[in-house]
Amino acid sequence: MGELVRFSVAVPEELVMQFDNLVARRGLAKNRSEVIRDLIREALVNEEWEDPLAEIVGTLTLVFNHHASDLQSKLDHIQHDHHAKIISSMHIHLDAHNCLEVIVLRGRSDEIRQLAESILGVKGVKHGQLAATTTGRWL
Ligand code: NI
């Protein structure tokens, strides 16, 4: 982190009260300044993620029933086709029927989004979500 700069902002009282509740929920290690910095970074990451050419890092979490026919092999096939964009993956056998997979992706925002959609679109995937972050210089 570079040199800290102080600035003042005008905020409605009610919003400040809500913000202080948020700060309290984030725990003792966080104060107003820390939470403001987190929110600024979050906004910048979201903005970067909107740029199709930006280099991003993401995790794709999915839950599926491993009894579904060909599902695991279809998921593996897609991942092998895009191995250069997949840094790592983890497979957990949740119970007798369900599997959880977490896939760590890195690459161009538009390509990562498309890859995530193609994995989530495989028949039998019950739930999934892509979470994006960045290696942006402000982190
Ligand atoms: Ni499994």
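Basis of the calculations
- Residues numbered from 1 in each chain as written.
- Predicted model: local features only at pLDDT ≥ 70, side-chain atom pairs only at ≥ 80, totals over all residues.
- Heavy atoms only, no water.
- Helix = DSSP H or I, 4+ residues; strand = E, 2+ residues; numbered from the N terminus.
- Buried < 20%, exposed > 50% of the residue type's maximum accessible area, 1.4 Å probe, protein only.
- Contact = heavy atoms within 4.5 Å.
- Pairing = 2+ DSSP bridges.
- Axes fitted to C-alpha atoms, helices over the stretch in contact; angles between N-to-C directions.
- Expected span 1.5 Å × (residues − 1).
- Donors = N, O, S within 2.8 Å, 3.2 Å for Na, K, Ca; no water.

**A closer look at the environment of L115**
When you line up the elements, L115 lands in helix α4 (residues 109–120). Taking the relative accessible area as the measure of exposure, L115 reaches 3% and is therefore buried. The spatial distance from the C-alpha of L115 to the C-alpha of K85 is 8.9 Å, given a sequence separation of 30 residues. When near neighbours in sequence (up to four residues on either side) are disregarded, L115 contacts I78, H82, K85, I86 and L105.

**Some remarks on the sheet that holds strand β4 (residues 125–134)**
Ordered in space as β2-β3-β1-β4, the 4 strands form an open sheet in which the pairing is antiparallel. Of all the strands in the sheet, the pair left with one neighbour each is β2 (86–93) and β4. Neighbour to neighbour, the strand axes of the sheet diverge by 15 degrees on average, direction disregarded. Looking at chain direction, strand β1 (residues 55–65) and β4 are connected through 9 bridges and run antiparallel.

**With respect to the pairing of strand β3 (residues 98–108)**
Where burial is concerned, most of β3 is hidden: 8 out of the 11 residues are buried. Of the pairings in the sheet, the one linking β1 to β3 comprises 11 bridges and is antiparallel in character. Within the sheet, the bridge partner assigned to L60 lies in β3 and is I103. Sheet topology note: the β2/β3 ladder contains 7 bridges and is antiparallel. Within β3, the residue paired with S89 across the bridge is I103.

**Some thoughts on α4**
Between the first and last C-alpha of α4 there are 16 Å, a value that for 12 residues agrees with the 16 Å anticipated at 1.5 Å per step. Contacts made by the buried residues of α4 are with α2 (32–50), β1, α3 (71–81), β2, β3 and β4.

**Section: the coordination of the nickel ion**
In an ideal octahedron of six donors the angles at the metal are 90 or 180 degrees, and in an ideal tetrahedron of four donors they are 109.5 degrees. Taken together, H91 (NE2), H93 (ND1) and C99 (SG) make up the protein donors of the nickel ion, found 2.1 to 2.4 Å from the metal. When its relative accessible area of 31% is taken as the criterion, H91 is described as partly exposed. For C99, a relative accessible area of 3% translates into the label buried.

**A word on unusual backbone geometry**
We note that D70 has phi near 65 degrees; this positive angle belongs to a residue other than glycine. Mapped onto the secondary structure, D70 falls in the loop between β1 and α3. Here D70 falls in the exposed class, since its relative accessible area comes to 52%.

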